[in-house]
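# Observations on the model geometry
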Amino acid sequence: MTKRFAGVTVLDGVNIDLSAGEIHTIIGENGAGKSTLMKLLAGVHQPDEGRLLLDGNPVTFRTPLDAMRQGIVLIHQEPLNFPDLTVAENVLMANGLPRGRLGQIDWSATHRRVTDLLAALDVPLDPRRKMAGLSIADQQMVELAAALSQNARVLLMDEPTAALTPKEADRLFDLAKRLKQQGVAIVFISHRLPEIFSVSDRITVLRDGRLVGSRVTAATSPEEIIQMMVGREPGAVHSRDSHAPAPGREMLRIEGLTSPGQFADVSFTVRAGEIVGLAGLVGAGRTEVAEALFGVRPWTRGKVFVDGQPVEFAHPAHAMAHGIAYVPEDRARHGLLLPLSVAQNMTLATLADVSSNGFVSAALERSVANKWKDQLGIRLREVSQAAGELSGGNQQKVVFAKWLATRPRIFIVDEPTRGVDVGAKSEMHRLLSDLAVAGNAILMVSSDLPEVLSLSDRVVVMRAGRIVTELNRHKATQESIMLAAAGTERQAGQTFGSNTTSKLRRFATVISRFREVGISAFILLTIILVAMRQPRFLSIDSARSVAMYLPLLLIMAVGQLTVMASRNIDLAIGSTLGLAAMAAGGLFIALPNVPLLAAIALAMAVGLVAGLVNGALVAWLQVPAIIATIGTMTAFRGLIYIASGGRQIDPDELPPALICLSQTGPINIPWIVWIAAITAAIGALFLRYTRSGRAVFAVGSNAKAAALRGIPVNRITLMVFAISGALAGLAGLLFGSRFGTINPASVGSGDELKVISAVVIGGASVNGGSGGVVGTVLGCILLGVIAVALPALRVSEFWQLVVYGMAILSAASLDALLRRARSGSTGGPL
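### A short note on the overall build of the protein chain
In terms of helices and strands, the protein chain carries 32 helices and 22 strands. Taken over the C-alpha trace, the protein chain has a radius of gyration of 30 Å; the compact-globule value for 830 residues is 28 Å, and the two agree within 12%. Summarising its shape, the C-alpha atoms of the protein chain cover approximately 100 × 70 × 60 Å along the three principal directions. Sorting the 830 residues of the protein chain into buried and exposed places 54% on the buried side. Sequence-distant contacts in the protein chain: of pairs separated by 6 or more residues, those separated by 24 or more amount to 72%. If you sum the accessible surface of the protein chain, you get close to 34,800 Å²; carbon and sulfur atoms cover 58% of it. Taking the average place of the 77 positive charges on the side chains of the protein chain and the average place of its 65 negative ones, the gap between the two points comes to 4 Å.

### Remarks on the pattern of salt bridges
Summed over all chains, the structure comprises 27 salt bridges. Across the pair Arg 458 and Glu 274 runs a salt bridge, and its minimum N-O distance is 2.7 Å. Pair noted here: Arg 458 is in strand E21 (residues 458-463) and Glu 274 is in the loop between strand E12 (263-271) and strand E13 (275-279), with a separation of 184 residues, a long-range link. Per residue, the accessibility class of Arg 458 equals that of Glu 274, and both read buried. Three or more residues are tied together by salt bridges with common partners; here these are Asp 17, Glu 22 and Arg 202.

### Focus: empty space enclosed by the protein
To find leftover empty space, one rolls a probe the size of a water molecule over the atoms. Throughout the structure, instances matching the rule amount to six cavities of 30 Å³ or more. Quantified by volume, the largest cavity comes out at close to 180 Å³. In terms of lining, the largest cavity is formed by 17 residues, of which the most central are Met 68, Val 73, Leu 74, Leu 708 and Arg 709. Looking at the lining of the largest cavity, the element that brings in the most residues is strand E6 (residues 72-75), giving four residues. Here the residues of the lining of the largest cavity are counted per class, giving 13 nonpolar, two polar and two charged.

### As for a nonpolar patch on the surface
A cluster of nonpolar side chains, Phe 522, Leu 524, Leu 525, Ile 528, Leu 529 and Met 532, forms an exposed patch at the surface whose accessible area comes to about 620 Å². Of the residues examined, Leu 525 reaches a relative accessible area of 43% and is grouped as partly exposed.

### Here's the deal with unusual backbone geometry
Phi at Asn 151 takes a positive value of approximately 50°, unusual for a residue other than glycine. Its place among the elements puts Asn 151 in the loop between helix H5 (136-148) and strand E7 (154-158). On the basis of relative accessibility, which here comes to 63%, the residue Asn 151 falls in the exposed class. Notably, Glu 415 is not glycine yet its phi reads approximately 50°, a positive angle.

### Describing the sheet that holds E21
In a beta sheet, neighbouring strands are held together by backbone hydrogen bonds and run either parallel or antiparallel to one another. One open sheet holds the six strands; their spatial order is E16-E19-E20-E13-E21-E22, and the pairing between them is mixed. The strands lining the two open edges of the sheet, one partner per strand, are strand E16 (324-327) and strand E22 (466-472). Across this sheet, the average inter-strand angle for adjacent strands is 15°, counted without regard to direction. In this structure, E13 lies alongside E21, joined through four bridges in parallel fashion. Among the inter-strand pairings, Val 276 is bridged to a residue of E21, identified as Arg 458. Those strands touched by helix H9 (residues 286-293) are E13, E16, strand E19 (410-414), strand E20 (441-445) and E21, and its axis lies near 145° from that of E16. Most of the contacts of helix H14 (residues 392-404) go to E16, to which it runs at about 170°, and overall it touches E16 and E19.

### Points about the pairing of E22
Relative to E22, E21 is paired through six bridges, and the arrangement is antiparallel. Opposite Arg 463, over in E22, you have Arg 466 as the bridge partner. Hairpin connection between E21 and E22: a loop of two residues separates the two successive antiparallel strands, and Ala 464 in this loop has a positive phi of roughly 55°.

### Description of the side chain of Arg 709
Structurally, Arg 709 is set in the loop between helix H28 (703-708) and helix H29 (713-739). Buried and unpaired, Arg 709 has no salt bridge, with Glu 143 as the nearest side chain of opposite charge at 4.8 Å. A distance of 3.0 Å separates a polar atom in the side chain of Arg 709 from the backbone oxygen of Leu 80. Not counting chain neighbours up to four residues away, the residues in contact with Arg 709 comprise Met 68, Leu 80, Asn 81, Phe 82, Asn 90, Ala 94, Glu 143 and Ala 146.

### Some words on the sheet that holds strand E14 (residues 301-306)
With antiparallel pairing, the four strands of this open sheet are ordered in space as E12-E11-E14-E15. Because the sheet does not close on itself, it has two edges, and the strands there are E12 and strand E15 (309-311). On average, each strand axis in the sheet is inclined to that of its neighbour by 20°, with strand direction left out of account. Relative to E15, E14 is paired through three bridges, and the arrangement is antiparallel. Among the inter-strand pairings, Val 304 is bridged to a residue of E15, identified as Val 311. Lying on the sheet, H9 is in contact with strand E11 (250-259), E12 and E14; it crosses E12 at an angle near 65°.

### Some words on the confidence of the model for the protein chain
The pLDDT averaged across the protein chain works out to 87; a share of 90% of its residues lies at or above 70. pLDDT under 50 marks residues 488-502. Its contacts with residues more than four places away, or in other chains, come to 35 contacts.

### A short note on the nonpolar core
Formed by 94 residues in total, the largest nonpolar core has its most connected members in Phe 82, Ile 711, Leu 733, Leu 734 and Ile 742. In terms of residue count, the dominant contributor to this core is helix H21 (residues 540-565) (15 residues). Those residues in contact with Ile 711 that sit more than four places away from it in its chain are Phe 82, Met 93, Ala 695, Ala 698, Val 699, Ala 706 and Ile 716. Core analysis: the next-biggest nonpolar cluster, separate from the first, contains 76 residues, Val 270, Ala 279, Phe 294 and Leu 390 among them.

### Re helix H6 (residues 166-181)
Helix length check: H6, at 16 residues, gives a terminal C-alpha distance of 23 Å against a target of 22 Å (1.5 Å per residue), a fit within 8%. For H6, the secondary structure elements touched by its buried residues are strand E3 (22-27), H5, E7, strand E8 (185-189) and helix H7 (193-199). After H6 finishes, the residue Gly 183 shows a positive phi value of roughly 90°.

### Section: the side chain of Ser 757
Mapped onto the elements, Ser 757 comes out in helix H30 (residues 751-761). Overall, Ser 757 belongs to the buried group, its relative accessible area being 0%. Separated by 2.7 Å, the side chain of Ser 757 and the backbone oxygen of Leu 753 make a polar contact.

### Here we look at the packing of aromatic side chains
A full pass over the atoms with the stated rule returns four aromatic pairs. Their ring planes at 90° and their centres at 5.5 Å tell us that Phe 294 and Trp 403 sit as a pair that is edge-to-face. With a gap of 109 residues between them, Phe 294 in the loop between H9 and E14 and Trp 403 in helix H14 connect regions that are remote in the sequence. Across the pair, exposure class does not vary: Phe 294 and Trp 403 are buried alike. Ring plane angle 45° and centroid distance 4.7 Å describe the contact between Phe 735 and Phe 739, whose orientation is recorded as tilted. Here Phe 735 and its partner Phe 739 are both found in helix H29, four residues apart, which amounts to about one turn of the helix. Judged by its relative accessible area of 47%, Phe 739 is partly exposed. One aromatic cluster in this structure is built from Phe 294, Tyr 326 and Trp 403.

How each quantity is defined
- Residues numbered from 1 in each chain as written.
- Predicted model: local features only at pLDDT ≥ 70, side-chain atom pairs only at ≥ 80, totals over all residues.
- Heavy atoms only, no water.
- Helix = DSSP H or I, 4+ residues; strand = E, 2+ residues; numbered from the N terminus.
- Rg over C-alpha atoms; globule rule 2.2 N^0.38 Å.
- Buried < 20%, exposed > 50% of the residue type's maximum accessible area, 1.4 Å probe, protein only.
- Contact = heavy atoms within 4.5 Å.
- Areas by Shrake-Rupley, 256 points an atom, 1.4 Å probe, with all protein chains shown as cover.
- Lys, Arg positive; Asp, Glu negative; His and termini not counted.
- Charge placed at Lys NZ, Arg CZ, Asp CG, Glu CD.
- Salt bridge = Lys/Arg side-chain N within 4 Å of Asp/Glu carboxyl O.
- 1 Å grid on protein atoms, 1.4 Å probe; cavity = no way out; pocket = protein on both sides within 12 Å on 5 of 7 lines; lining within 4 Å.
- Points joined across faces, edges and corners; volume = space filled by probe spheres on them.
- Nonpolar A, V, L, I, M, F, W, Y, C, P; charged D, E, K, R; others polar.
- Patch = residues over 30% accessible without salt bridge, like charges linked within 9 Å, V, L, I, M, F, W, Y side chains within 5 Å.
- Pairing = 2+ DSSP bridges.
- Axes fitted to C-alpha atoms, helices over the stretch in contact; angles between N-to-C directions.
- Polar contact = N/O pair within 3.5 Å; in protein donor to acceptor, adjacent residues only side chain to side chain.
- pLDDT = per-residue confidence, 0-100.
- Core = buried A, V, L, I, M, F, W, Y, C linked by side-chain atoms within 4.5 Å.
- Expected span 1.5 Å × (residues − 1).
- Phe/Tyr/Trp six-rings, centres within 6.5 Å; stacked < 30°, edge-to-face > 60°.

Here you go:
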């Protein structure tokens, strides 16, 4: 296999063979090409040269789905999931959610299947729980369950234990051994030599994109493997000198720090020249304490002192002003802005130092970045390279460089060497030791017990959000730390963070679940308040006016909901309605006796074509949806005038059968209302009970994860815009029935705002991945009540626009607050 990116050879003629019933470890320094090789095997990338043989036969994987169909499954280094979907959907999305007799998703079977898979991993997660807010360890276990669901013949695991506790890692190894006995070929990437030698049958070493060699595990040693990796004799693993100078003055002290549901009564100190290790099982509250000390997470009780002075950090900028730096646990989400260059990331926290008169100097950025690149040994092409293109270890060095540039006095480092190779790990350990010797205070959160023991002057152990013991370096052992961290009353696999949620998270869950009840209550309150001012509002006529306001809005809103669930938006939906209305009206003029069904087909076909144009721009040309649909909105509006010549279609030019749709129907409810209700019902069934419908939410929740799980993202994007266009076309035909005339100057104009208002009020997020038809229906009803109430109260129609705008802002703000509450953090880069 040979693979190049931007002219740089990442893999150079690598040969490797995998055997059934074997655990084969791929090892090498960061940037050696390990993850790239895995992605070639899994169909994420295609080789520039070389070939892949499966059972001796040449195969080509154009997509991850091709590889999955052949039984090759990759568990990625960074968990890739759908935060807005449930655990069950995350597990079975790629494999296909079980179907019932009618082809609908069988949710009971889905939850039973996932419960069994999680039980096999000893993971106590509710399959109905949303992924948002789960710890990285739990996310990793969900990905593993997803891999198991596909009955893999070849299981590729890229750093699967990086975020796991020793006990969780042991469960993973037991599972790997069981799969090995079943004939599965397992490829394992790790930097942890003890676990490699305990579980592997063979070890293959890569260096600088080339194959160095393979060894039978039983016939080699850690020293030989390290020498093969680095190309030189291995030196001793860096460790803090036991004769290091005694710690100096107290620089950081916290007393009784408490955040309900996260941690309670946490107290410790960190002195100048000292490294304090914060140990404990994943979910014990260590990261939450670190975030609180950097102003990311609020606390309700306790005190923090810097240099003996009480401080309160409401924002990371306040912590930075006191000389504190924070290297977060999840570098991809919170440590870097991956699309930006290495130089931009390194200077992000020190923009004032590379700016002049408010303008950033690219030359100064490059100079600073090159200095840290050389000092930390960061391997890259050039500092203008996107940070997302670097290996995990080199990305971590960029995060360190960003904070070193701020010249802090207190470092908080969370899992500083997670996913880092042995060579880079030793370099980072030496860096932390040198920082301590220079007089800095360092608080280090780590799940790597050898790392904690080799670097820490003192070890503070947390369990279930509280400190349970503090050990000096002479008394700290792996056994003493694990005994304190696990305790005796805890059940295996139970973690504080996974199963004990804060009141805020529980409140967010309740609000999300019963949002429709809240909208219904608001509708009722609005009706009562308006009726108190204008009693005639409770009349049958008002109810009919609200009912007749709904059909066109609801039909378009169902289409818009489908688009927004995929993290897109259709601003051309009103113009599409107008285009279809004029096309249908023109047909009636040209052929007065044309069947109504033929006109419906034409209108929906016009809308479908318009939707496909939007979808093609977004999916194939990668034009952002908001830009693409603003462009087509304007173009379609022009086509309306061109096609009509500016001529209005009058009532006598529309057939009576069309007009009657708004006047008669079963049980005195006009047909136009029934059509809208049927459309909403079909939309609800599609989004909830079909695989394609759930795939829409998966794409909106995480498009990258969807692609790597084999979901055809472009096809889904094209489909949602086609649905939106076709439904707008149907609404266009019904426009003539509802209003009896079609004016090219006003048809569909401004409907975009109404439709988006209804969908957002109903619970759809502008960030995709959420929303439902029931909420959308209620959103439409609320707008209908407002539209009828304001004239009854003799309020100007312009206030209607104000209300729509405020409704969008309020609903979007509520959605943002709920997302932050569910995740438990700001989610921003640090």
